[in-house]
Amino acid sequence: MGIEIGGSVQSHIVGSTSNEGYMCGSFINLRILVVRAVAKHYRTLTLALAVVVSATLVTYGQGLPVAPPQDLDLSPMALARITPAMQAYLDSGKYAGAVLVIARHGKIGYSQSIGFMNLEKKIPMRTDAVFRIASMTKPIIAAAILKLVDKGKVRLDSPVAKYIPAFADLQVGSGGESMRASHRLMNVEDLLTHTSGLLGFGTPGHRKALDTLSHPERTLNEYVDIIAKMPLTSSPGEKWDYSNIGYEVLGRIIEIASGLPLDRYLNEEIFTPLGMQETSFHFKPTMEGRIPLVYSQEMNGTILPLPQFGLDNYLPTNQFLSGGGGLLSTAADYIRFSQMLLNGGQLDGKRILSHESVTSMMRNHLEPSLTPIITPIFDHQGYGYGLGGAVLVDPTLSGELGSTGIFRWVGSVSTFFWIDQKEDLIALLLTQSRTGGYQMERSFQQLVYEAILR
């Protein structure tokens, strides 16, 4: 099957999604006049029936209803400054294209696609582009675990060994005589908060180890069996070290506790109920021509596509389902997931998580000695960590506009989102770049908060 990345432009409506029932457009007043003529026993009987069906005028875009910015207490004039400011970053040669979305009070107040999916072919970025969301997969995995907590199938304080017995005998060290027994067993919450002691970004050789472990034909069961034999870098709870491996173990726990493959469980319990029809571990035919290339800026300033970020890892035949960073998604789908969290676990009358689970997910779980978190993938100050995302605990240290308790995370190819519960706000910035988009994201955040009227 040929898969085109950043392929031919398809006619589309700005702000539309492919989710059934959420196409951009308006439900207009519909008046139907039904006239039925019935002839019986040579006599003619005419029956006229007028049926009036009225629907509320609602416009949808990027997965949620759209409203005029002023109705959401957002300044249209301030929002108008965002697009040219973000375009300036693209014009600098660091990035090819982006999709930006702001939602407030449950509705979209700003949605824009800028730049290109494919620079060489000059194919414009689409609002319904499909992105490799990388580590923005982790909040979804955290929600999936909490769904099992709500069902009584998983406990956050349960030892990982309860689900995967190979984790019962944990050793800490670098091998040989330096090995020692772990001070305690690893539990599920340790995995969610990156305090498990498993190999993380702060450990030398982390990337090489990940590359060795990852293989598209390796199942989660096989992957986790290898991880269980690796020594820990510290006892659980001793330090915070951002670990993709921990979220692969969570993916396996989901499979064991639910009795379903990870992709099927996510589809049945999260994606389908939320209408996230284009979030998947695998490429779908409907994604053809809508997946941007991943770019990186070279030392000489030129921006080039990175062939290693093709779609080989997303082939339908691939068995490895990475809970650490393996999902494809759209702005529309991820906004719906975020709005569910902001709503306390429900969206459009469907409850996905209990309010208690969402509250737990979006609060800081780290001891003061472990904050603020520090990792190469997350370039914000003043944050602790919840379950699947960072939580702002010190706005003064942050130096950025925003409320205490902001919940956010990022992806390694410059995908960003945050939820501000106090301001009832969600913001999303999706690019596909290995250059690092934090400067662009900070500028976007500044402009978003400057647009808030009250």
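Keep in mind the model is a prediction, meaning the values are calculated, not measured.

Peer 1: Explain the overall build of the protein to me, please; I cannot follow it from the model alone.
Peer 2: Scanning the protein from terminus to terminus reveals 12 helices and 20 strands. Here the protein holds 454 residues, and 55% of them are scored as buried. Put simply, of all contacts in the protein between residues at least 6 apart along the chain, 69% involve residues at least 24 apart. In the structure as shown, the protein presents an accessible area of about 19,500 Å², 55% of it carried by carbon and sulfur atoms.

Peer 1: What's the story with the packing of aromatic side chains in this structure? I'm lost.
Peer 2: The geometry of an aromatic ring pair is captured by the separation of the ring centres together with the interplanar angle, meaning the angle of the planes. Within the structure shown, the criterion is met by 14 aromatic pairs. Note on Phe 201 and Tyr 242: the rings are 5.2 Å apart at their centroids and 50° apart in plane angle, and the pair reads as tilted. Residue Phe 201 is found in the loop between α4 (188–193) and α5 (206–213), and its partner Tyr 242 is found in the loop between α6 (220–228) and α7 (244–258); the two are separated by 41 residues along the sequence. Classification of Phe 201 by relative accessible area gives partly exposed; the value is 23%. For Tyr 242, a relative accessible area of 0% translates into the label buried. Geometry around Phe 116 places Lys 122 over its ring, the cationic atom sitting 5.2 Å from the centre. In this arrangement the basic side chain of Lys 138 is found over the ring face of Tyr 247, its NZ or CZ atom lying 5.8 Å from the centre.

Peer 1: Sorry, what's going on with unusual backbone geometry here?
Peer 2: Peptide bonds are, in most cases, trans, and in most cases residues other than glycine have a negative phi. Following Thr 371, the chain continues into Pro 372 via a peptide bond in cis, with omega recorded as -5°. Along the chain, the position of Pro 372 falls in the loop between α10 (355–361) and β16 (383–385). Positioned with a positive phi, Asp 73 is a non-glycine residue whose angle comes to about 60°. Taking the relative accessible area as the measure of exposure, Asp 73 reaches 14% and is therefore buried. Even without glycine at this site, Asp 424 takes up a positive phi of about 55°.

Peer 1: Can you walk me through the environment of Glu 278 in this structure?
Peer 2: The residue Glu 278 is located in the loop between α8 (262–274) and β11 (295–297) in this model. For Glu 278, a relative accessible area of 3% gives the class buried. Remark: the alpha-carbon pair of Glu 278 and Thr 330, spanning 52 residues in sequence, is separated by 6.6 Å.

Peer 1: What am I meant to see in the pattern of salt bridges here?
Peer 2: When the charged atoms of two side chains with opposite charge come close together, those side chains can pair. A complete count under the given rule lists 17 salt bridges for this structure. For Glu 269, the salt bridge identified is with Lys 151, shortest N-O distance 2.9 Å. Of this pair, Glu 269 sits in helix α8 while Lys 151 is found in the loop between α3 (138–150) and β9 (171–172), placing the two residues 118 residues apart along the sequence. Judged by its relative accessible area of 16%, Glu 269 is buried. The partner of Glu 278 in a salt bridge is Arg 290, with the nearest N and O atoms 2.0 Å apart. Of this pair, Glu 278 sits in the loop between α8 and β11 while Arg 290 sits in the loop between α8 and β11; the two residues are 12 residues apart in sequence, bridging distant segments of the chain. When its relative accessible area of 3% is taken as the criterion, Arg 290 is described as buried.

Peer 1: Looking at this structure, I do not really get the pairing of strand β6 (residues 107–118). What am I missing?
Peer 2: Relative to β6, strand β5 (residues 97–104) runs antiparallel, the two being bridged by eight bridges. Note that in β6 the partner of Ala 98 across the bridge is Ile 114. The turn linking β5 back onto β6 is made up of two residues, and His 105 within it adopts a positive phi angle of 55°. Between β6 and strand β7 (residues 123–124), which pair antiparallel and follow one another directly, the connecting turn spans four residues, one of which, Lys 122, has a positive phi of 55°.

Definitions and limits used
- Residues numbered from 1 in each chain as written.
- Predicted model: local features only at pLDDT ≥ 70, side-chain atom pairs only at ≥ 80, totals over all residues.
- Heavy atoms only, no water.
- Helix = DSSP H or I, 4+ residues; strand = E, 2+ residues; numbered from the N terminus.
- Buried < 20%, exposed > 50% of the residue type's maximum accessible area, 1.4 Å probe, protein only.
- Contact = heavy atoms within 4.5 Å.
- Areas by Shrake-Rupley, 256 points an atom, 1.4 Å probe, with all protein chains shown as cover.
- Phe/Tyr/Trp six-rings, centres within 6.5 Å; stacked < 30°, edge-to-face > 60°.
- Lys NZ or Arg CZ within 6 Å of the ring centre and 35° of its normal.
- Salt bridge = Lys/Arg side-chain N within 4 Å of Asp/Glu carboxyl O.
- Pairing = 2+ DSSP bridges.

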